[in-house]
Amino acid sequence: MPPKKKTGKNKAAAVQRTLNAACCAVDAYRAACRQHVSPPCQALLRQLCASAQGNGTLDRVALDARSASAVHLKALFDTLSGYAAVRNLAFWGCDMAPDALEALCAGLAAMGRPTNTNGSKIRLLSIAGEYAGSSASSLRAATPENALTREGCVLLGRALGSGSPHPYIHTLELERNAVGDHGVAALAEGLRACCSLRMLRLGHNAIGVAGAEALAALLVPPVTTPGAAYCALETLNLEGNPITHDGLAALLNALAKGSPLQALHAPRCAVARDASLMRLLAARFEACEALVALDLDGNAPLREEDVALLLPAAKARKGLQMLRLPMRGVSRETSGAIT
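Every value quoted in this text rests on a predicted model; they were computed, and no experiment measured them.

K.L.:
Can you walk me through the overall build of the protein chain in this structure?
P.N.:
What the protein chain contains, in helices and strands, is twelve helices and nine strands. For the protein chain, the proportion of its 339 residues judged to be buried stands at 49%. When contacts within the protein chain are restricted to residue pairs at least 6 apart in sequence, long-range pairs at least 24 apart make up 82% of them. Total accessible area on the protein chain is roughly 15,600 Å²; 54% of this is exposed by carbon and sulfur atoms.

K.L.:
Is there a simple way to explain the pattern of salt bridges in this structure?
P.N.:
Pairing between side chains becomes possible if they bear opposite charge and their charged atoms approach one another. Evaluation of the coordinates by the stated rule reveals eight salt bridges. The salt bridge involving Arg 198 is made with Glu 234; its shortest N-O contact spans 3.7 Å. Of this pair, Arg 198 sits in the loop between α7 (180-191) and β5 (199-201) while Glu 234 sits in the loop between α8 (209-219) and β6 (235-237), and the two are 36 residues apart along the sequence. Judged by its relative accessible area of 23%, Arg 198 is partly exposed. A salt bridge links Asp 297 to Arg 324; the shortest N-O distance between them is 3.0 Å. Taken together, the positions of Asp 297 in the loop between β8 (293-295) and α11 (304-316) and Arg 324 in strand β9 (residues 322-324) put the pair 27 residues apart, joining distant regions of the chain. Relative accessible area serves as the criterion here: at 39%, Arg 324 is assigned to the partly exposed category. One salt-bridge network, held together by shared partners, links Arg 273, Glu 305 and Asp 306.

K.L.:
Looking at this model, I keep getting lost on the pairing of strand β2 (residues 88-92). Mind explaining?
P.N.:
For a regular strand, side chains alternate in direction, first toward one face of the sheet and then toward the other. Sheet topology note: the strand β1 (residues 60-64)/β2 ladder contains five bridges and is parallel. Among the inter-strand pairings, Asp 64 is bridged to a residue of β2, identified as Trp 92. The pairing of β2 with strand β3 (residues 124-128) spans five bridges and is classified as parallel. Among the inter-strand pairings, Trp 92 is bridged to a residue of β3, identified as Ala 128.

K.L.:
Help me understand the sheet that holds β1 in this model?
P.N.:
Hydrogen bonds between backbone groups are what pair the strands of a sheet, and the pairing can be parallel or antiparallel. Reading across from one edge, β1-β2-β3-β4-β5-β6-β7-β8-β9 is the order of the nine strands in this open sheet, with parallel pairing throughout. Single-partner strands in this sheet number two, and they are β1 and β9. Taken pair by pair, the neighbouring strands of this sheet meet at an average axis angle of 5°, ignoring direction. Bridge count for β3 against strand β4 (residues 171-173) is three bridges, and the pairing is parallel. Of the residues in β4, the one forming a bridge with Leu 124 is Thr 171.

Rules behind the numbers
- Residues numbered from 1 in each chain as written.
- Predicted model: local features only at pLDDT ≥ 70, side-chain atom pairs only at ≥ 80, totals over all residues.
- Heavy atoms only, no water.
- Helix = DSSP H or I, 4+ residues; strand = E, 2+ residues; numbered from the N terminus.
- Buried < 20%, exposed > 50% of the residue type's maximum accessible area, 1.4 Å probe, protein only.
- Contact = heavy atoms within 4.5 Å.
- Areas by Shrake-Rupley, 256 points an atom, 1.4 Å probe, with all protein chains shown as cover.
- Salt bridge = Lys/Arg side-chain N within 4 Å of Asp/Glu carboxyl O.
- Pairing = 2+ DSSP bridges.
- Axes fitted to C-alpha atoms, helices over the stretch in contact; angles between N-to-C directions.

From the geometry alone we can't say anything about function, so treat these as descriptive.
Written out as C-alpha cells, the structure reads:
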C-alpha cells in the first residue's frame, strides 16, 4: 500500500512539535546561562534554535563556536545533556580558549558516564578548524586559537577514552586543526580504551611519520590481555597529512596484526613512488581480509611495473570495494584492470 499522505492536522502537529523543541531548547539554554551568571550568547541561541527547527528535534546540533566563551559552552552542554535525542554534535571554525575546551571535554565525559540514562548519547563529534597547512613549519605558524592543538587532544582523549571510556561515540572528526604528531599521539593514547569508536577523520592536521606510527599502534588489538576493550577502528582518514612512505608502511603493517580496519584513506599524503611499498601493499592485501577500501590517490604517480606488483593480489582479493591509486603514468589498460 502507498504511504498515507499527511493531512493538514498532521502537518500542523509536526510544525507544533518543531516549535516546541526549539522553544524548550532556547528556554533551557537561557536557564543554564542564568545558573552560570552570564547573559546568553545570541549567536549560539540562534543556531540552537535553527538546529531544533531544522529537524523538529535536537538530534543534530551544528554550531559556529567562534564567538562562544567557556561559560557559554558550559551552559550549552548543561542544556544538551538533558536531551536524550542529541546524537550528532558539530563545531566549526573553532576559537576555543583552553577553559572552553575543558568545558567541552567535561560535558563529553558527563554524557559518557553510566549514570547518564536519560541524557544525550553523542555518536558523532566534529570539531573542524580553519587550519589549511600540511607541514610542521606551517603548523608552528598556525594561529593557536583557530585550531585544536596537542593540549586539546590530551583533554579530548581523556574525555572519550581514559578512565571511563565513552560508550556511545562512533565517529570523531577533527579535520583542519593543528593536531600534529604530538597531538595525535596523545589522542591515540586516550582513545585506546574507547571501544565504541569506529571512524576517525584527521585530514589536514600536519601529521607526519611519528603520528602515523602512533595511529598504527592504536589499530593493533592488545596482545597481553585478549578480550580487553580497545578502540576497534574501522575507518581512518588521513587526507593531506605528510605521513610519507614510512608512515603508510607502519599503517599497512598494523593490518597484518589483527586490525579490524576496513577503510584507509591517505590521499595527498606525500607518499613517494616505491616498489617495496607496492610489495608490502600486495602482501597486506593477502593477509588482511577486513580491508575493503584503500585510497592513495594524489601521491607520487605509479609506473607500470609498480602496478604489476599489486595487480595479482588486487584481482585475487574478494570483497574489495574501492582501490584508488595515483596512476596518471599508467596505461588505460593497466589502470582498468586494477580498478
